[in-house]
Amino acid sequence: MKRLAAFRVALVAAFAMAVSACGINSVPTAEENAKARWADVQSAYQRRADLVPNLVSTVRAAANSEEEILTQVIEARAQATSTTINANELGDAQKFRAFEQAQGNLGSALSRLMVVVERYPELQSQQRFADLMVALEGTENRIDNARTRYNEAVQGYNTTIRTFPDIIGAKIIHGAEPMETFQADAAAQSAPTVDFGDMDPANSEN
(Lines give C-alpha, C1' and ligand atoms only; values in the text may rest on other atoms or scores of the structure.)
Protein backbone atom coordinates (compact mmCIF):
# COMPACT_ATOMS: atom_id res chain seq x y z
CA MET A 1 0.00 0.00 0.00
CA LYS A 2 2.80 2.34 0.93
CA ARG A 3 4.60 1.44 -2.27
CA LEU A 4 1.50 2.25 -4.31
CA ALA A 5 1.16 5.61 -2.59
CA ALA A 6 4.82 6.37 -3.17
CA PHE A 7 4.44 5.38 -6.80
CA ARG A 8 1.50 7.73 -7.20
CA VAL A 9 3.43 10.59 -5.63
CA ALA A 10 6.36 9.92 -7.93
CA LEU A 11 4.04 9.71 -10.93
CA VAL A 12 2.40 13.05 -10.06
CA ALA A 13 5.81 14.66 -9.56
CA ALA A 14 7.06 13.32 -12.87
CA PHE A 15 3.93 14.54 -14.63
CA ALA A 16 4.34 18.01 -13.07
CA MET A 17 7.95 18.16 -14.18
CA ALA A 18 7.02 17.05 -17.69
CA VAL A 19 4.27 19.64 -17.92
CA SER A 20 6.57 22.35 -16.63
CA ALA A 21 9.25 21.34 -19.10
CA CYS A 22 6.84 21.61 -22.03
CA GLY A 23 6.31 25.33 -21.75
CA ILE A 24 3.09 25.31 -19.73
CA ASN A 25 4.48 27.94 -17.39
CA SER A 26 7.57 29.27 -19.15
CA VAL A 27 5.77 30.44 -22.28
CA PRO A 28 3.12 32.64 -20.58
CA THR A 29 5.74 33.91 -18.15
CA ALA A 30 7.97 35.06 -21.01
CA GLU A 31 4.96 36.49 -22.84
CA GLU A 32 3.79 38.52 -19.87
CA ASN A 33 7.30 39.85 -19.34
CA ALA A 34 7.44 41.06 -22.95
CA LYS A 35 4.01 42.68 -22.63
CA ALA A 36 5.09 44.46 -19.46
CA ARG A 37 8.12 45.86 -21.23
CA TRP A 38 5.84 46.95 -24.09
CA ALA A 39 3.80 48.93 -21.57
CA ASP A 40 7.01 50.72 -20.60
CA VAL A 41 7.62 51.59 -24.27
CA GLN A 42 4.13 53.00 -24.65
CA SER A 43 4.51 55.04 -21.47
CA ALA A 44 7.80 56.54 -22.65
CA TYR A 45 6.39 57.48 -26.05
CA GLN A 46 3.30 58.99 -24.43
CA ARG A 47 5.53 61.07 -22.18
CA ARG A 48 7.22 62.50 -25.29
CA ALA A 49 3.88 63.19 -26.97
CA ASP A 50 2.71 65.05 -23.87
CA LEU A 51 5.73 67.36 -24.06
CA VAL A 52 5.15 68.39 -27.67
CA PRO A 53 2.24 70.86 -27.21
CA ASN A 54 4.15 72.90 -24.61
CA LEU A 55 7.30 72.77 -26.71
CA VAL A 56 5.49 73.96 -29.84
CA SER A 57 3.74 76.72 -27.91
CA THR A 58 7.00 77.96 -26.42
CA VAL A 59 8.85 77.94 -29.75
CA ARG A 60 5.98 79.61 -31.58
CA ALA A 61 5.93 82.49 -29.09
CA ALA A 62 9.56 83.34 -29.88
CA ALA A 63 9.89 82.08 -33.45
CA ASN A 64 6.49 82.41 -35.10
CA SER A 65 8.12 82.57 -38.52
CA GLU A 66 8.96 78.87 -38.23
CA GLU A 67 5.35 77.80 -38.71
CA GLU A 68 6.22 75.16 -41.31
CA ILE A 69 8.39 73.05 -39.02
CA LEU A 70 6.00 73.59 -36.12
CA THR A 71 3.16 72.29 -38.28
CA GLN A 72 5.26 69.26 -39.19
CA VAL A 73 5.83 68.51 -35.52
CA ILE A 74 2.14 68.87 -34.73
CA GLU A 75 1.15 66.60 -37.61
CA ALA A 76 3.79 64.02 -36.68
CA ARG A 77 2.52 64.01 -33.11
CA ALA A 78 -1.05 63.49 -34.30
CA GLN A 79 0.07 60.54 -36.42
CA ALA A 80 2.12 59.05 -33.58
CA THR A 81 -0.70 59.25 -31.06
CA SER A 82 -3.28 57.83 -33.46
CA THR A 83 -1.13 54.91 -34.65
CA THR A 84 -1.53 52.43 -31.83
CA ILE A 85 -0.83 48.76 -31.23
CA ASN A 86 -1.90 46.80 -28.18
CA ALA A 87 0.00 44.06 -26.41
CA ASN A 88 -1.94 41.32 -28.20
CA GLU A 89 -0.87 42.63 -31.63
CA LEU A 90 2.88 42.51 -31.08
CA GLY A 91 3.16 39.65 -33.56
CA ASP A 92 1.56 41.69 -36.35
CA ALA A 93 4.55 42.90 -38.37
CA GLN A 94 2.54 45.40 -40.43
CA LYS A 95 0.97 47.11 -37.42
CA PHE A 96 4.23 47.08 -35.51
CA ARG A 97 6.18 48.71 -38.37
CA ALA A 98 3.44 51.31 -38.78
CA PHE A 99 3.74 52.17 -35.09
CA GLU A 100 7.52 52.28 -35.29
CA GLN A 101 7.43 54.52 -38.36
CA ALA A 102 4.93 56.94 -36.83
CA GLN A 103 7.06 57.32 -33.72
CA GLY A 104 10.16 57.66 -35.87
CA ASN A 105 8.52 60.45 -37.87
CA LEU A 106 7.85 62.38 -34.68
CA GLY A 107 11.44 61.88 -33.55
CA SER A 108 12.69 63.16 -36.90
CA ALA A 109 10.40 66.20 -36.78
CA LEU A 110 11.63 67.06 -33.31
CA SER A 111 15.22 66.71 -34.49
CA ARG A 112 14.58 69.20 -37.31
CA LEU A 113 12.93 71.57 -34.83
CA MET A 114 16.03 71.46 -32.63
CA VAL A 115 18.14 72.54 -35.59
CA VAL A 116 15.80 75.45 -36.30
CA VAL A 117 15.74 76.80 -32.74
CA GLU A 118 19.51 77.15 -32.75
CA ARG A 119 18.91 80.35 -34.73
CA TYR A 120 17.03 81.87 -31.80
CA PRO A 121 19.36 82.52 -28.86
CA GLU A 122 16.63 84.54 -27.13
CA LEU A 123 14.49 81.40 -27.08
CA GLN A 124 17.28 79.22 -25.81
CA SER A 125 17.91 81.65 -22.98
CA GLN A 126 14.38 81.18 -21.62
CA GLN A 127 14.13 78.98 -18.55
CA ARG A 128 10.87 77.44 -19.73
CA PHE A 129 12.49 76.32 -22.98
CA ALA A 130 15.54 75.01 -21.14
CA ASP A 131 13.30 72.98 -18.81
CA LEU A 132 11.45 71.51 -21.78
CA MET A 133 14.74 70.54 -23.41
CA VAL A 134 15.88 68.77 -20.27
CA ALA A 135 12.55 66.92 -20.12
CA LEU A 136 12.78 65.99 -23.81
CA GLU A 137 16.32 64.70 -23.50
CA GLY A 138 15.34 62.63 -20.46
CA THR A 139 12.32 61.27 -22.29
CA GLU A 140 14.37 60.25 -25.33
CA ASN A 141 16.69 58.35 -22.98
CA ARG A 142 13.67 56.63 -21.44
CA ILE A 143 12.42 55.65 -24.87
CA ASP A 144 15.80 54.21 -25.82
CA ASN A 145 16.03 52.21 -22.57
CA ALA A 146 12.43 50.99 -22.82
CA ARG A 147 12.95 49.85 -26.40
CA THR A 148 16.11 47.99 -25.43
CA ARG A 149 14.42 46.20 -22.53
CA TYR A 150 11.45 45.34 -24.72
CA ASN A 151 13.69 43.87 -27.42
CA GLU A 152 15.50 41.79 -24.81
CA ALA A 153 12.22 40.48 -23.38
CA VAL A 154 10.89 39.62 -26.85
CA GLN A 155 14.12 37.87 -27.73
CA GLY A 156 13.69 35.74 -24.61
CA TYR A 157 10.06 34.99 -25.46
CA ASN A 158 10.78 34.18 -29.11
CA THR A 159 13.62 31.88 -28.09
CA THR A 160 11.40 30.12 -25.54
CA ILE A 161 8.61 29.32 -27.99
CA ARG A 162 11.03 28.05 -30.64
CA THR A 163 13.20 25.74 -28.56
CA PHE A 164 12.59 22.23 -27.19
CA PRO A 165 10.83 21.29 -24.99
CA ASP A 166 8.97 24.62 -24.54
CA ILE A 167 7.95 24.60 -28.19
CA ILE A 168 5.56 21.72 -27.43
CA GLY A 169 3.43 23.78 -25.05
CA ALA A 170 3.89 26.90 -27.14
CA LYS A 171 2.36 25.32 -30.25
CA ILE A 172 -0.08 22.76 -28.87
CA ILE A 173 -1.41 24.53 -25.77
CA HIS A 174 -0.75 28.27 -26.12
CA GLY A 175 -0.73 28.72 -29.88
CA ALA A 176 2.15 31.14 -29.33
CA GLU A 177 3.47 33.25 -32.18
CA PRO A 178 6.74 35.26 -32.37
CA MET A 179 6.62 38.94 -31.45
CA GLU A 180 8.16 41.79 -33.43
CA THR A 181 11.12 43.83 -32.20
CA PHE A 182 12.26 47.38 -32.86
CA GLN A 183 14.93 47.73 -35.51
CA ALA A 184 18.06 48.91 -33.73
CA ASP A 185 19.46 50.62 -36.80
CA ALA A 186 16.35 52.70 -37.59
CA ALA A 187 17.80 56.17 -38.20
CA ALA A 188 14.46 57.84 -37.57
CA GLN A 189 14.53 56.63 -33.99
CA SER A 190 17.67 58.57 -33.10
CA ALA A 191 17.12 60.88 -30.17
CA PRO A 192 16.88 64.58 -31.05
CA THR A 193 20.19 66.37 -30.58
CA VAL A 194 19.82 68.86 -27.76
CA ASP A 195 22.57 71.47 -27.54
CA PHE A 196 22.65 73.32 -24.25
CA GLY A 197 25.67 75.40 -25.19
CA ASP A 198 23.66 78.53 -25.98
CA MET A 199 21.19 78.33 -23.14
CA ASP A 200 23.20 80.51 -20.82
CA PRO A 201 21.71 84.06 -20.99
CA ALA A 202 25.23 85.47 -20.78
CA ASN A 203 26.18 83.63 -23.96
CA SER A 204 23.20 85.02 -25.86
CA GLU A 205 24.38 88.58 -25.26
CA ASN A 206 27.72 87.99 -27.01
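Here the structure is a predicted model, which means the values were calculated and not measured. Per chain, the residues get numbers from 1 upward, laid out in the order the sequence is written. Owing to the predicted nature of the model, reporting of local features is limited to residues with pLDDT of at least 70; listing and counting of side-chain atom pairs is limited to 80 or more, with chain, interface and lining totals taken over all residues. Each side-chain value is derived from all of the structure's non-hydrogen atoms; neither hydrogens nor water enter the calculation.

**Student:** Would you mind showing me how to read the overall build of the chain here?
**Tutor:** Helix numbers and strand numbers start at the N terminus; a helix is a DSSP run of H or I with at least 4 residues, a strand a run of E with at least 2. Along the backbone of the chain there are 8 helices and 0 strands. Secondary structure of the chain in N-to-C order comes out as α-α-α-α-α-α-α-α. We call a residue buried when its accessible area falls under 20% of the maximum for its residue type, exposed when it is over 50%, and partly exposed in between, using a 1.4 Å probe and counting protein chains only. Expressed as a percentage of its 206 residues, the buried residues of the chain come to 35%. Residue contacts are counted whenever heavy atoms from the two residues lie within 4.5 Å of one another. For the chain, the share of sequence-separated contacts (at least 6 apart) that also reach a separation of at least 24 residues comes to 82%.

**Student:** Teacher, can you tell me more about the packing of helix H3 (residues 67-82) against helix H4 (residues 93-117) here?
**Tutor:** A pair of packed helices is captured by two measures, namely the crossing angle of their axes and the spacing between those axes. A fitted line through C-alpha atoms represents every axis, and for helices the fit uses only the stretch in contact; the resulting angles, taken between N-to-C directions, go from 0 to 180 degrees. Between H3 and H4, whose axes approach to 8 Å, the crossing angle comes to 160 degrees. The angle between H3 and H4 places the two elements in the roughly antiparallel class. Crossing geometry of H3 relative to H4 is assigned as left-handed. For the pair H3 and H4, the contacting residues are Ile69, Leu70, Gln72, Val73, Ala76, Arg77, Gln79 and Ala80 in the first and Ala102, Gln103, Asn105, Leu106, Ala109, Leu110, Arg112, Leu113 and Val116 in the second. Split into classes, the residues belonging to the contact of H3 with H4 amount to 11 nonpolar, 4 polar and 2 charged. Each angle receives one of four descriptions, namely roughly parallel if under 35 degrees, roughly antiparallel if over 145, roughly perpendicular if within 65 to 115, and oblique otherwise. Crossing handedness follows the turn of the near helix against the far one: under a right angle anticlockwise gives a left-handed crossing, and clockwise gives a right-handed one. Polar here means any residue other than Ala, Val, Leu, Ile, Met, Phe, Trp, Tyr, Cys and Pro, which are nonpolar, and Asp, Glu, Lys and Arg, which are charged; Gly is therefore polar.

**Student:** Got a minute to help me understand the packing of helix H2 (residues 26-62) against H3 in this structure?
**Tutor:** With their axes 10 Å apart at the nearest point, H2 and H3 run at an angle of 170 degrees to one another. Taken together, H2 and H3 sit at an angle that is classed as roughly antiparallel. Crossing of H2 against H3: the hand is left-handed. Judged by residue contacts, Ala49, Asp50, Val52, Pro53, Val56, Val59 and Arg60 of H2 engage Glu67, Leu70, Val73, Ile74, Arg77 and Thr81 from H3. Residues belonging to the contact of H2 with H3 are distributed by class as follows: 8 nonpolar, 1 polar and 4 charged.

**Student:** Is there a simple way to think about the layout of surface pockets in this case?
**Tutor:** In this approach a probe as big as a water molecule rolls over the atoms, and the regions it shows empty are the leftover space. Of the voids in this model, the largest pocket is the one considered here, and its volume is about 190 Å³. The way it works is a 1 Å grid over only the protein atoms, where trapped points that fit a 1.4 Å probe form a cavity and open points with protein on both sides within 12 Å along at least five of seven lines form a pocket, and then any residue with an atom within 4 Å of a point lines it. Lining the largest pocket are 15 residues, and of these Glu31, Tyr157, Ala176, Glu177 and Met179 sit closest to its centre. Per-element tally for the lining of the largest pocket: the top contributor is H2, with 4 residues. Its residues assigned to classes, the lining of the largest pocket shows 8 nonpolar, 4 polar and 3 charged. Grid points are joined across faces, edges and corners, and a volume is the space filled by probe spheres set on the points.

**Student:** What's the story with the pattern of salt bridges in this structure? I'm lost.
**Tutor:** When their charged atoms lie close together, side chains carrying opposite charge are able to pair. Whenever a carboxyl oxygen of Asp or Glu lies within 4 Å of a side-chain nitrogen of Lys or Arg, that contact is scored as a salt bridge. Per the counting criterion, the structure on display carries 8 salt bridges. Here Glu31 ties to Lys35 by a salt bridge, and the two come within 3.5 Å at their closest N and O atoms. Of the two residues, Glu31 and Lys35 both sit in helix H2, 4 residues apart, roughly one turn of that helix. Across the pair Arg60 and Glu67 runs a salt bridge, and its minimum N-O distance is 2.8 Å. We classify Glu67 as partly exposed; its relative accessible area is 34%. Within the structure, one salt-bridge network assembled from shared partners comprises Arg97, Glu100 and Glu180.

**Student:** Looking at this structure, how should I read unusual backbone geometry?
**Tutor:** Negative phi is the rule for most residues except glycine; trans is the rule for most peptide bonds. Between Phe164 and Pro165 the backbone carries a cis peptide bond, its omega angle lying at 5 degrees. Mapping Pro165 onto the fold places it in the loop between helix H6 (127-162) and helix H7 (166-172).

**Student:** I tried to follow H3 on my own but got confused; where do I start?
**Tutor:** Residue pairs spaced three or four apart in an α-helix point in one direction, given the helix's 3.6 residues per turn. In a helix, the anticipated span is given by 1.5 Å times the number of residues less one. For H3, with 16 residues, the first-to-last C-alpha span of 22 Å sits near the 22 Å given by 1.5 Å per residue. At its buried positions, H3 is contacted by H2 and H4.

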